[in-house]
Amino acid sequence: MDEDFAKWYTDIVKKAELVDYSSVKGCVILRPYAYALWENIQGALDCMFKETGHENVYMPLLIPESLLQKEKDHVEGFAPEVAWVTHGGSEKLTERLCIRPTSETLFCEHYSHVVQSYRDLPKLYNQWCSVLRWEKTTRPFLRHREFLWQEGHTIHETAEEAKAETLQMLDVYARLAEEYLAMPVVKGQKTDKEKFAGAVSTYTIECMMHDGRALQSGTSHYFGDGFAKAFEIVFTGRDNKLSYPHQTSWGLSTRVIGGIIMTHGDDSGLVLPPKIAPVQLVIIPVAMHREGVLEKARELRNTLKAAGIRVKLDDSDNSPGWKFSEYEMKGVPLRLEIGPRDIEAGACVLARRDNGEKAPASLEGIADTVKSMLDAVQAALYAKAKENLTRNTVDARTLDEAKELTKDSAKFVRAMWCGGEACEDAFKEEAGMTSRCVPFEGGGVSGACACCGKQAEKLVYWGVAY
RNA sequence: CGGGGCGUGGCGCAGUUUGGUAGCGCACUUGGUUUGGGACCAAGGGGCCGCAAGUUCGAAUCUUGUCGCCCCGACCA
């Protein structure tokens, strides 16, 4: 995997039966295992959305061209990668319809219909859907043309409320990443160059992959009242005057599955965090046609299932060795072996996917044993990823220093920035790194811009992005 | 958009240089023996070689065109 990370990655997504390619570039088939993973991520996120007062809705797939064009920056940002529907049957349409690349415009149009008074605010909506962006280069999970995501769209009475919402949802993403996906994050704000088309400000969680490169794993945008003005969304305020509301949007996609693979995977395949693994424990019977083995295995499955563990019993005819490899490839966190020897001893063998440790365990209280091991695996994965992040985050006082520090492998470079786009471009051109974010946390490295030497207040995380 | 690679049973590939009845491994089906790190024996089934046109007595192989996929880079919400 360290020799050719890109090849390792594309091999894994195929071998672990996550995806299949379709006949359209960038439109990828999510096989049951990948979809189950996505459903678990969805479940965790959706629950957090509901806890914070959000409601799910569904907007149409198609956006009339005139609607897309209402907000200038937004359309400029997305127009180059929009796909169009031009015909209905054999009839040419009077107006082209775009397949949504994102749904701000649809939400805005709807809000303009349903918001009249401050009493109608806020609206805290989310939708689970797919969007289409005609990307030139594609990679499974990391960059699809069509991809599954959720997009939250909220509208508020005041700017303060909308800003608070933007940051709250960034925190929700950070919690998902760290607590469920075991991916430590750097939270921060995007520079103007990197922010969302049409946003006042964009916030991001940036994760570090095994190879030191950065993956933008979730973004949250504050729109101010720019969209409201463009779409003529107005409401009567508490002061009986007409006002523009303030909006946010935030999104997280199946891209995080790519993040999970590249954060935790190893030479034997996937390694999945227990909290979102479709199968948390696989039972592999050994010499299973012998008297009592399969019966015991089934009994164990039922016991563990009843304890709320996602368990699979593989009673197929493949050899145990084959099954070991198979479930390692698929990243199943725990493996339970049960054979005649174990049954004799009232025990089984438990093996951890993350570190390969294998040890006998008593069948007495097996559910509790498994649960605490799952917790241990979850914690170990986070700790290992955190260690990788820390080890590969370096400080640089100058651009040259940044180049020197990253010449052998990609890293996060913390360096000061004056705020000028020229210096941002220089980093890209000379060091191959883009600004990932201006972090919320962490002190300054120095007082001068690493590029031009002028006075600088902003600390920036620079990195090579996926 | 530039560079490179590749399209041959489900998967991975050989065969193409030098045209002559489409092959190998895995997977699959049936029967049997096995089972603690990708088991073994036996018998089977499955492909008009991405698509189109051309050259030829004859094309997976030569020519032209075309479609698509993968990788690296550039570009990009």
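Residues numbered from 1 in each chain as written. Chains lettered and ligands numbered in written order. Predicted model: local features only at pLDDT ≥ 70, side-chain atom pairs only at ≥ 80, totals over all residues. Heavy atoms only, no water.

> Could you clarify how one ought to interpret empty space enclosed by the protein in this entry?
The gaps left among the atoms become clear once a water-sized probe is rolled over them. Inspection of the entire model under this criterion finds 1 cavity of 30 Å³ or more. A volume near 30 Å³ is recorded for the largest cavity. For the largest cavity, the full set of lining residues is His264, Asp266, Val271, Arg353, Asp354, Leu381 and Lys384. Here the residues of the lining of the largest cavity are counted per class, giving 2 nonpolar, 1 polar and 4 charged. (1 Å grid on protein atoms, 1.4 Å probe; cavity = no way out; pocket = protein on both sides within 12 Å on 5 of 7 lines; lining within 4 Å. Points joined across faces, edges and corners; volume = space filled by probe spheres on them. Nonpolar A, V, L, I, M, F, W, Y, C, P; charged D, E, K, R; others polar.)

> Teacher, can you tell me more about the sheet that holds strand β6 (residues 91-99) here?
The pairing of strands in a sheet happens through backbone hydrogen bonds and is either parallel or antiparallel. The antiparallel open sheet is built from 3 strands, whose spatial order is β4-β6-β5. The open sheet terminates on both sides in strands that have one partner only, identified here as β4 (62-64) and β5 (83-88). Across the sheet, the mean angle separating the axes of adjacent strands is 45° when strand polarity is ignored. Two strands pair when backbone bridges link them, and β4 and β6 are joined in this way by 3 bridges, in the antiparallel orientation. Looking at the pairing, Leu62 lines up with Ile99 of β6. (Pairing = 2+ DSSP bridges. Helix = DSSP H or I, 4+ residues; strand = E, 2+ residues; numbered from the N terminus. Axes fitted to C-alpha atoms, helices over the stretch in contact; angles between N-to-C directions.)

> Help me understand the protein's contact with RNA strand B, please; the structure alone is not making it clear to me.
RNA strand B sits among 38 residues. The nearest are Lys25, Gly77, His289, Ser319 and Asp342. Backbone sugar and phosphate groups make up 40% of those atoms of RNA strand B lying within 4 Å of the protein. A distance of 2.9 Å is found between a base nitrogen of RNA strand B and a side-chain nitrogen or oxygen belonging to Arg133. Where the surface near RNA strand B is concerned, the elements lending two or more residues are α1 (5-15), α4 (72-78), α10 (320-329), β17 (334-338) and α11 (340-345). (Near = heavy atom within 4 Å. Polar contact = N/O pair within 3.5 Å; in protein donor to acceptor, adjacent residues only side chain to side chain.)

> Is there a simple way to think about the pattern of salt bridges in this case?
Two side chains carrying opposite charge are able to pair once their charged atoms lie near each other. With the rule as written, the count across this model stands at 27 salt bridges. One salt bridge connects Lys72 with Asp73, and the closest N-O pair in it is separated by 3.5 Å. For Asp73, a relative accessible area of 40% corresponds to the partly exposed category. Of the charged contacts, one joins Asp171 and Lys187 as a salt bridge, the two residues approaching to 2.5 Å between their closest N and O atoms. (Salt bridge = Lys/Arg side-chain N within 4 Å of Asp/Glu carboxyl O. Buried < 20%, exposed > 50% of the residue type's maximum accessible area, 1.4 Å probe, protein only.)

> I'm lost on the packing of helix α2 (residues 32-51) against helix α6 (residues 159-180) in this one. Help?
Helices that pack against each other are described as a pair by the angle of their axes relative to one another and the distance between those axes. Look at α2 against α6: their axes get within 11 Å of each other, and the N-to-C directions meet at 145°. In the packing of α2 onto α6, the handedness of the crossing is right-handed. Taking contact as the criterion, the partners of Ile41, Ala44, Leu45, Met48, Phe49 and Glu51 in α2 are, on α6, Met169, Val172, Tyr173, Arg175, Leu176 and Tyr180. For the contact of α2 with α6, the per-class residue count stands at 10 nonpolar, no polar and 2 charged. (Left-handed = near helix turned anticlockwise from the far one by under 90°. Contact = heavy atoms within 4.5 Å.)

> What's the story with unusual backbone geometry in this structure? I'm lost.
Excluding glycine, residues mostly have negative phi values, and the peptide bonds linking residues are mostly trans. For the bond running from Leu121 to Pro122, omega is -5°, close enough to zero to count as cis. By secondary structure assignment, the location of Pro122 is in the loop between α5 (104-114) and β7 (123-132). We note that Glu17 has phi near 60°; this positive angle belongs to a residue other than glycine. The class for Glu17 is partly exposed, based on a relative accessible area of 30%.

> What is the right way to read the packing of aromatic side chains from this model?
By convention here, two paired aromatic rings are described through the distance between centres and the angle between planes. Applying the stated rule across the entire model yields 14 aromatic pairs. Geometrically, the ring pair formed by Phe412 and Tyr461 is edge-to-face, given 5.8 Å between the ring centres and 90° between the ring planes. Highlighted residues: Phe412 in strand β21 (residues 412-417) and Tyr461 in strand β23 (residues 458-463), separated in sequence by 49 residues. Since its relative accessible area comes to 11%, Tyr461 is described here as buried. An aromatic cluster is present here, built from Phe78, Phe196, Phe223, Phe227 and Phe231 joined pairwise through their rings. Above the plane of the ring of Phe324 lies Arg335, whose end atom (NZ or CZ) is 4.1 Å from the centre. (Phe/Tyr/Trp six-rings, centres within 6.5 Å; stacked < 30°, edge-to-face > 60°. Lys NZ or Arg CZ within 6 Å of the ring centre and 35° of its normal.)

> What's the story with the side chain of Thr102 in this structure? I'm lost.
Checked against the element boundaries, Thr102 lands in the loop between β6 and α5. For Thr102, a relative accessible area of 2% puts it in the buried group. There is a polar contact of 2.6 Å between the side chain of Thr102 and the side chain of Glu104. Here the side chain of Thr102 touches Glu151 through a polar contact of 3.5 Å, side chain to side chain.

> Would you mind showing me how to read the packing of α1 against helix α8 (residues 255-264) here?
Relative orientation of the contacting elements α1 and α8 amounts to 120°, with a least axis distance of 11 Å. The pairing of α1 with α8 is recorded here as oblique in orientation. Relative to α8, α1 is oriented so that their crossing is right-handed. Contacts between α1 and α8 involve Phe5, Trp8, Tyr9, Ile12 and Val13 from the first element and Gly258, Ile261 and Met262 from the second. Looking at the contact of α1 with α8, its residues break down into 7 nonpolar, 1 polar and no charged. (Parallel < 35°, antiparallel > 145°, perpendicular 65-115°, else oblique.)

> When you look at the sheet that holds strand β19 (residues 358-362) in this model, what are you seeing that I'm missing?
With respect to topology, 5 strands assemble into an open sheet ordered β16-β15-β17-β18-β19, the strand pairing being mixed. Bordering the open sheet on either side are β16 (311-313) and β19, each of which pairs with just one other strand. Direction aside, the axes of adjacent strands within the sheet are offset by 25° on average. Each of β15 (281-285), β16 and β17 is contacted by helix α9 (residues 293-306), which is oriented at about 170° to β15, the strand it contacts most. Against the sheet, helix α12 (residues 366-391) engages β15, β17, β18 (347-352) and β19, with an angle of about 10° to β18.

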